[in-house]
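So you can see what is in the structure, the chains are spelled out below.
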Amino acid sequence: MSATSKEKLALTRAILVRKQPYLASAAWKLLWTIVKKEDWPPDAGGEIASDEFGRVVVNEDLIQRCDIDQLAHHLCHEIGHLIRGHFQRAQGRDPKAWNVAGDAAMAEDISQAWPRRGYPGVTPKTLGMPKGLIAEEYYAKLPVVQVRVCCGSAAGNKHPAEGLLPPLPGDKQAEREGLMTTARVEVALAVRAEHKAKPGSVPGSLVRWAEETVVVQQYGCLYGFTDKTYDLYEDDI
């Protein structure tokens, strides 16, 4: 991995955190693996992906082609899947369709935060659906999925490039899971604080997600592992 790519990613993360400080806890906990273009799996369906442990694998060619705003779009997108727990919420659904549904549910957040070039991914409009639904609702209404996306296990849709990530022993998996759970709650609390201090500065659907997350935390139910706790944890409402 070239120093230029490392520096560009570091700058992107710093700019994202400056613009969206409420995402800092998640942004700083990510682990990056940069893969050379010639080593990237062919026909992978995407050039960046993350797993449920907050490890991001990215094609170095994407880093070189994108400007900082475009990279910030991608980083914000991967963080969105992680903090919303799309991996945990997949619950046996079709991975590709679930990935599309999760993307649609996050589109408002990302396009509002990074509007200069518009949102480059799946949106409710591209699916012919209304704004403001949660991923489960988009999934239930999806027609036959024609859009080809693959955002990785964090989105409930494993990416071929995840095979290039370093092995993660069981104790480290537990450690990373704990860090992601902590980041999820810390981001939710930060979103609430930012919204209270500066109303309108945080995308509305992210505020609604944060409100539900903090309710779950207060009840001691960290994250939807049962139907009961899942019902309390509706993330895009």
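Criteria and cut-off values
- Residues numbered from 1 in each chain as written.
- Predicted model: local features only at pLDDT ≥ 70, side-chain atom pairs only at ≥ 80, totals over all residues.
- Heavy atoms only, no water.
- Axes fitted to C-alpha atoms, helices over the stretch in contact; angles between N-to-C directions.
- Helix = DSSP H or I, 4+ residues; strand = E, 2+ residues; numbered from the N terminus.
- Left-handed = near helix turned anticlockwise from the far one by under 90°.
- Contact = heavy atoms within 4.5 Å.
- Nonpolar A, V, L, I, M, F, W, Y, C, P; charged D, E, K, R; others polar.
- Core = buried A, V, L, I, M, F, W, Y, C linked by side-chain atoms within 4.5 Å.
- Buried < 20%, exposed > 50% of the residue type's maximum accessible area, 1.4 Å probe, protein only.
- Salt bridge = Lys/Arg side-chain N within 4 Å of Asp/Glu carboxyl O.
- Phe/Tyr/Trp six-rings, centres within 6.5 Å; stacked < 30°, edge-to-face > 60°.
- Pairing = 2+ DSSP bridges.
- Expected span 1.5 Å × (residues − 1).

Caption draft 1: Highlighting the packing of helix 4 (residues 68-84) against helix 6 (residues 95-113). Their axes nearest at 10 Å, the elements helix 4 and helix 6 cross at an angle of 115 degrees. Pair helix 4 / helix 6 crosses with right-handed handedness. The residues of helix 6 that touch helix 4, namely those facing His-73, Cys-76, His-77, Gly-80, His-81 and Arg-84, are Asn-99, Gly-102, Asp-103, Met-106, Asp-109 and Ile-110. For the contact of helix 4 with helix 6, a count of residues per class yields three nonpolar, six polar and three charged.

Caption draft 2: View of the nonpolar core. The biggest cluster of nonpolar side chains holds 38 residues, and the ones touching the most others in it are Leu-16, Leu-23, Ile-79, Ile-83 and Val-191. Listed by contribution, the elements that provide at least two residues to this core are helix 1 (3-19), helix 2 (24-29), strand 3 (55-59), helix 3 (60-65), helix 4, helix 6, helix 9 (170-197) and helix 10 (204-218). Not counting chain neighbours up to four residues away, the residues in contact with Ile-79 comprise Leu-16, Leu-23, Ala-26, Ala-27 and Leu-30. If you look at the next biggest cluster of nonpolar residues, it comprises 15 residues, including Trp-98, Val-100, Leu-127 and Leu-133.

Caption draft 3: Spatial organisation of the environment of Tyr-22. Mapped onto the secondary structure, Tyr-22 falls in the loop between helix 1 and helix 2. For Tyr-22, a relative accessible area of 3% translates into the label buried. Separated by 180 residues in sequence, Tyr-22 and Val-202 place their C-alpha atoms 8.8 Å apart. Aside from chain neighbours lying at most four places away, what touches Tyr-22 is Val-187, Ala-190, Val-191, Glu-194, Ser-201, Val-202, Pro-203 and Leu-206.

Caption draft 4: How the structure looks around the pattern of salt bridges. Counted according to the given criterion, the structure contains eight salt bridges. A salt bridge links Arg-89 to Glu-136, with the nearest nitrogen and oxygen atoms 2.4 Å apart. Here Arg-89, found in helix 5 (residues 86-89), pairs with Glu-136, found in helix 8 (residues 135-141); they are 47 residues apart in sequence, far enough to count as distant. Overall, the relative accessible area of 1% leaves Arg-89 in the buried class. Note that Arg-192 is salt-bridged to Glu-211, the shortest N-O span being 2.6 Å. Taken together, the positions of Arg-192 in helix 9 and Glu-211 in helix 10 put the pair 19 residues apart, joining distant regions of the chain. Residue Glu-211 is classed as partly exposed on the basis of its relative accessible area of 33%. Residues joined in a network through salt bridges with shared partners are Glu-47, Asp-61 and Arg-65.

Caption draft 5: Molecular detail of the packing of aromatic side chains. A full pass over the atoms with the stated rule returns one aromatic pair. Ring centres 6.1 Å apart and planes at 65 degrees place the aromatic pair Trp-98 and Tyr-139 in the edge-to-face group. Here Trp-98, found in helix 6, pairs with Tyr-139, found in helix 8; they are 41 residues apart in sequence, far enough to count as distant. Looking at Trp-98, the relative accessible area reads 0%, which means it is buried. Residue Tyr-139 is classed as partly exposed on the basis of its relative accessible area, which comes to 24%.

Caption draft 6: Region of the structure containing the pairing of strand 3. In terms of residue burial, strand 3 counts as a mostly covered element, since five of its five residues are buried. Of the two faces of strand 3, the one lined by Arg-55, Val-57 and Asn-59 and the one lined by Val-56 and Val-58 are each fully buried. Looking at chain direction, strand 1 (residues 31-35) and strand 3 are connected through five bridges and run parallel. Bridge assignment links Thr-33 to a residue of strand 3, and that residue is Val-57. Pairing of strand 2 (residues 48-50) with strand 3 involves three bridges; the strand directions are antiparallel.

Caption draft 7: Representation of helix 9 in the model. Taking 1.5 Å of rise per residue, the 28 residues of helix 9 would be expected to cover 40 Å, and the 41 Å separating its terminal C-alpha atoms lies within 8% of that figure. Regarding helix 9, the residues found buried are Arg-176, Met-180, Ala-183, Arg-184, Val-185, Val-187, Ala-188, Val-191 and Glu-194.

Caption draft 8: Seen up close, the sheet that holds strand 3. Spatial strand order, 1-3-2: three strands in an open sheet with mixed pairing. The outermost strands of the open sheet, each flanked by one partner alone, are strand 1 and strand 2. Averaged over neighbouring strand pairs, the angle between their axes works out to 15 degrees when direction is ignored. Across the sheet, helix 4 touches strand 1 and strand 2, and the angle it forms with strand 2 is around 25 degrees.

Geometry only, nothing functional implied.
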